[in-house]
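# Summary of structural features
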Amino acid sequence: MAQRSLTAWFTLPGLRQPAPPTPAEAASFDALLPKLGYLSKAEVKRVRDAYKFADEAHLGQKRATGEPYITHPIAVAGICAEWRLDAQALMAALMHDVVEDCGVSKTELIEKFDATTADLVDGLTKLDKLQFSTKEESQAESFRKMLLAMARDLRVILIKLADRLHNMRTMGAMAPQKARRIARETFDIYAPIAHRLGLNQTFRELEDLSFQYFHPWRYAALNKAVAKARGNRRDLVSRIEGEIRGAFARASLRVEVQGREKTVYSIYKKMREKGLMSFAQVSDIFGFRILTEEPLQCYTALGVLHQLYKPQTGRFKDYIANPKDNGYQSLHTTLMGPLATPLEFQLRTEGMHQIAEQGVAAHWIYKSRGKQASALIAQQANARWLQSLIDIQDETRDANEFLEHVKIDLFPDSIYVFTPKSKIMALPKGATPVDFAYAIHSDVGDHCVAAQVNGEAVPLRAELKSGDIVEVITAPGASPNPAWLSFVRTGRARSKIRHYLKDLEQEESRELGEKMLSQAMRVEGLGLPSLELDDPAAKIWHDLAVWAGSAGTEQLLVDIGAGRKIAAIIAKKLARLMAEQGQRPDAVALTLGRYTEAPVDRGSVVIDGSEGASIQLASCCRPIPGDEVRGYLGRGEGLVVHTCECAVGRRLFQRDSEHWIQVDWADELTRNFEAGITLLLNNGKGVLAQVAQAVAQAEADITHIAMGDDAPLRETAEMNLLIAVRDRLHLADVLRVLKRSPAVQRVARVKP
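Residues numbered from 1 in each chain as written. Predicted model: local features only at pLDDT ≥ 70, side-chain atom pairs only at ≥ 80, totals over all residues. Heavy atoms only, no water.

## Points about the pattern of salt bridges
Applying the stated criterion to the full structure yields 23 salt bridges. With a closest N to O distance of 3.5 Å, K160 and D163 form a salt bridge. On the criterion of helical spacing, the pair formed by K160 and D163 is a turn pair, its members being 3 residues apart in helix α10 (residues 155-169). With its nearest N and O atoms 3.6 Å apart, the salt bridge here joins R254 to E293. Linking R254 in the loop between α14 (234-250) and β1 (256-261) with E293 in the loop between β2 (286-292) and α16 (295-308), this pair joins segments that are 39 residues apart in sequence. With relative accessibility at 53%, the residue R254 sits in the exposed group. Given a relative accessible area of 40%, E293 falls into the partly exposed group. (Salt bridge = Lys/Arg side-chain N within 4 Å of Asp/Glu carboxyl O. Helix = DSSP H or I, 4+ residues; strand = E, 2+ residues; numbered from the N terminus. Buried < 20%, exposed > 50% of the residue type's maximum accessible area, 1.4 Å probe, protein only.)

Structure (structure tokens):
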């Protein structure tokens, strides 16, 4: 295997790009033609037809640089041709802006070319901004459309990445503020996607260009320092090159040695991570890549290097045995070179190198070369993530939430853990047993109750480490806990948990809405019509939902329960619709419904402690059984229960009395309820223990303790507790026991 000169490699300034063509060449098909040698004549003709169509569509349009707009689609198609994408992808690249900017319809593209090319162009087209209330919502929905199109056909994202790469390369003529915004978006979304799909060369360039436009002064200073260091360290590089070549020659091992220089952004990131104040403190801006012919030779070459230079402890990673999620494979090691210079080495085969640099694009490169065995490597490596996009979409209808889940999954660093059956699984750094459970199957995650790591019980929020053997313990009756959202790290786990909680909340809101509408109908002297689909009342429900602007009867009841619709207003309309069909209010029921004070007759909401997100106990007054309570139906907040003495509740009632409904406590309760109490204590040793003992003696539990920062410095201290009690009588017992404690001067329930 030939060896490449390191000196020539290191003298290349920054990212290697070909010399730009003249403006006339860039605007013609001739700029693209030399890159199409891998296509047949018929395919080249189809690409040329797409060029002519795009050229006519963009006629008269100019870029910010002043060049004809067609230069941009040609450049995008050129990048795609470097990845050896097929003719349909190149056609879509040439026409990727004709729908959005030129008013061409998808139907026209299907008639002129073919349905697949039209689908690719449609996947690259942003949605109509007039459909959305904010720019952020429009952007999020456009991302969702693009990513879902990508899940169906990877060529969509490859063309989009080529589009963004050329835009970033030519962003110098753009206003600084707009350039910063685009750079931020590229850094947050497109660069991580490129990394996730294994296009490391594209990822590094997008990251570096984003840094250049987002922090232009920092980029310029570091770029200048790197260029200077490149010259100063030429002798050291030549010496290392000679020693490496000599070591492999003595071992009779044929390898290709490549030098690689860290990008400006990677140097900046390392300086920030290590707290380095100047570029002079950065010692490892150069690295080396060793390419072998067979995977086994990578390990042999590693042994040769470790004999030559001393390895640094803990700086070895085997991504050949444990490939990354995007298909990346290499051995990584850091050695201490001459003059105590840290040297980073990557060892891989030529095939691994192709996948490492081009990722999923290697699929088409290998396919064009006829290497079918290697053609699916990158494709298979990303299949699970692409499928997860579909799964997340099925459970997440909100575009911003979908984008949040996707961002979470775009982690560059992974850990590798094992199932009890020795199956290896890759997870993002910081993942927990809950992430692991959902990665196995959604049912395992939903019913997860405990976990063991390496045979020992651990909390579900514990962070996993590479090499851990993880076992998840499930229970049939278990369900996702909302608290899991605070520590899960994968988009799949987060979307599954949120989907479950939303379904639960929908069901609770529907039941509450039906109960509230039934109560409001009693005031009208009528009962609630049947909700059966085949009942004659179905038409009344349909007309009512249309009038209210809800998607259907079920959604109407959910809207009432969630506070988005007022039950009394809906009931009056329902009564009119029923009257049109000849149903009249019962005089006795009407009188009872409007004037009786009996809670049961009025259909009040009953609380037993099993309520979910649709019914909440107000945190300002913390009602407990025995308190006189009433419920406020906040818009979109569900039912919030306040005590009748609550000052906050009284103010809301005076301002918005229509949204209040009657609430009662159930005779049998399913749990304890939190009450707030405040204590004035004689400060001294063991005071907290005395208070805890008194609360335990009264058979209550402390759920939260708060004290002032200066409490230890004063003779008396004020303490606030949240305690779990059964009802008001139980709370009175707790207060009585606390008053008898020698440490307590005063104790009372907290009231707003």
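From this point, the narrative continues.
## Some details on the sheet that holds strand β8 (residues 448-453)
Read from one edge to the other, the open sheet built from 3 strands follows the order β9-β8-β10, with strand pairing classed as antiparallel. Every interior strand has two partners, whereas the edge strands, β9 (456-458) and β10 (470-474), have only one. Sheet twist, expressed as the mean angle between neighbouring strand axes with direction ignored, is 35 degrees. Along the sheet, helix α22 (residues 433-440) contacts β8, β9 and β10; its crossing angle with β10, the most-contacted strand, is approximately 80 degrees. (Pairing = 2+ DSSP bridges. Axes fitted to C-alpha atoms, helices over the stretch in contact; angles between N-to-C directions. Contact = heavy atoms within 4.5 Å.)

## Concerning the environment of K52
The residue K52 is located in helix α3 (residues 41-57) in this model. The exposure class of K52 is partly exposed, given its relative accessible area of 44%.

## Some points on the pairing of strand β18 (residues 716-725)
Burial runs high along β18: 7 of the 10 residues are buried. When strand β16 (residues 673-682) meets β18, the two strands line up antiparallel, connected through 10 bridges. Considered in β18, the bridge of G676 is made with L722. Summarising the sheet, strand β17 (residues 701-707) and β18 pair through 6 bridges and their orientation is antiparallel. Across the sheet, residue H704 finds its bridge partner in β18, namely L722.

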